[in-house]
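Coordinate inspection notes
Chain by chain, the residues run as shown.
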Amino acid sequence: AKWDKFKYTRNLMHEGNSKFNLILMCWPEGIASPIHDHADSHCFMRILDGEAKETRYFWPQDTYNGDGSLVEMSSRSVGPGVTAYMSDELGLHRVENNSHTNKLCYLHLYSPPYADCNIFDERTSKKTNVNMCFYSKYGEKEEVKKKAHAKSSSAMGISSYT
């Protein structure tokens, strides 16, 4: 596993003959993803260590608050040994490691794999398309391409490897 103490890392383990991506996600303490969709992909999340908080939101075109902000649908904690599922049919979501003392580690399986997704501003519902990148592939850290990925990567809150 490849870790970064300031952001979560997406570590590609297997590409599944272009049918799926198996990713080891490593989260330091107190880190959250942006609210995002899954680009018409199915997402399976198996918690290995730590506890994830998942918050689901309605799609802004379906339901939004009077001020234009996203509407929270539900929130739950997902612990070790539990497998969760998410797809665009279920709405948008955010994943967080709420712990300030424990790391979070889980497997993500995306089928089909996707190269980009949309993130959403919780206050305005504004959608931004971002490219997906990996912090490492098959145990080897990826080279940082600061200029090419700076905008989309910083939007995902995970520096230069969205």
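To start, this report covers the structure provided alongside it.

Basis of the calculations
Per chain, the residues get numbers from 1 upward, laid out in the order the sequence is written. Totals for whole chains, interfaces and linings use all residues, but because this is a predicted model, local features are given only for residues with pLDDT of at least 70 and pairs of side-chain atoms are given and counted only at 80 or more. Just so you know, side-chain values use all the structure's heavy atoms and leave hydrogens and water out. Two strands make a pair as long as DSSP finds a minimum of two bridges between them. Secondary structure elements follow DSSP: runs of H or I no shorter than four residues count as helices, runs of E no shorter than two count as strands, and numbering proceeds from the N terminus. A cavity here means a set of points on a 1 Å grid, drawn over the protein atoms and nothing else, where a 1.4 Å probe fits but cannot get out; a pocket is an open set with protein on both sides within 12 Å along at least five of seven lines, and a residue lines either one if it has an atom within 4 Å of a point. Grid points are joined across faces, edges and corners, and a volume is the space filled by probe spheres set on the points. Among buried residues, those of type Ala, Val, Leu, Ile, Met, Phe, Trp, Tyr and Cys that are joined through side-chain atoms within 4.5 Å constitute a nonpolar core. Any residue under 20% of the maximum accessible area for its type is buried, any over 50% is exposed, and the rest in between are partly exposed; the area is computed with a 1.4 Å probe on protein chains only. Here, two residues are considered to be in contact whenever any of their heavy atoms come within 4.5 Å of each other.

1. Observations concerning the sheet that holds strand β9 (residues 104-111)
With respect to topology, seven strands assemble into an open sheet ordered β7-β4-β9-β2-β1-β12-β13, the strand pairing being mixed. Two strands bound the open sheet, and with one partner strand each, they are β7 (83-86) and β13 (140-141). Direction of pairing for strand β4 (residues 42-49) relative to β7: antiparallel, over a ladder of four bridges. Its bridge partner being in β7, Phe 44 is matched across the sheet by Tyr 85.

2. Notes on empty space enclosed by the protein
Over the atoms rolls a probe the size of a water molecule, and in doing so it shows where empty space is left. Inspection of every chain in the model, using the stated rule, returns one cavity of 30 Å³ or more. Approximately 100 Å³ is the volume found for the largest cavity. For the largest cavity, the lining is made up of 14 residues, of which Tyr 8, Met 25, His 36, His 108 and Tyr 110 are closest to its centre. Among the secondary structure elements, those contributing two or more residues to the lining of the largest cavity are β2 (21-27), β8 (92-96) and β9. Take the lining of the largest cavity: its biggest share by element is three residues, from β9.

3. A closer look at the nonpolar core
Ranked by internal contacts, the top residues of the largest apolar core, which has 23 residues, are Trp 27, Ile 47 and Tyr 106. Elements supplying a minimum of two residues to this core: β2, β4, β7, β9 and β10 (116-120). The residues contacting Ile 47, other than those within four sequence positions of it, are Ala 52, Val 78, Gly 79, Pro 80, Gly 81, Val 82, Leu 104, Cys 105 and Tyr 106. If you look at the next biggest cluster of nonpolar residues, it comprises six residues, including Ile 35, Trp 59, Leu 92 and Phe 120.

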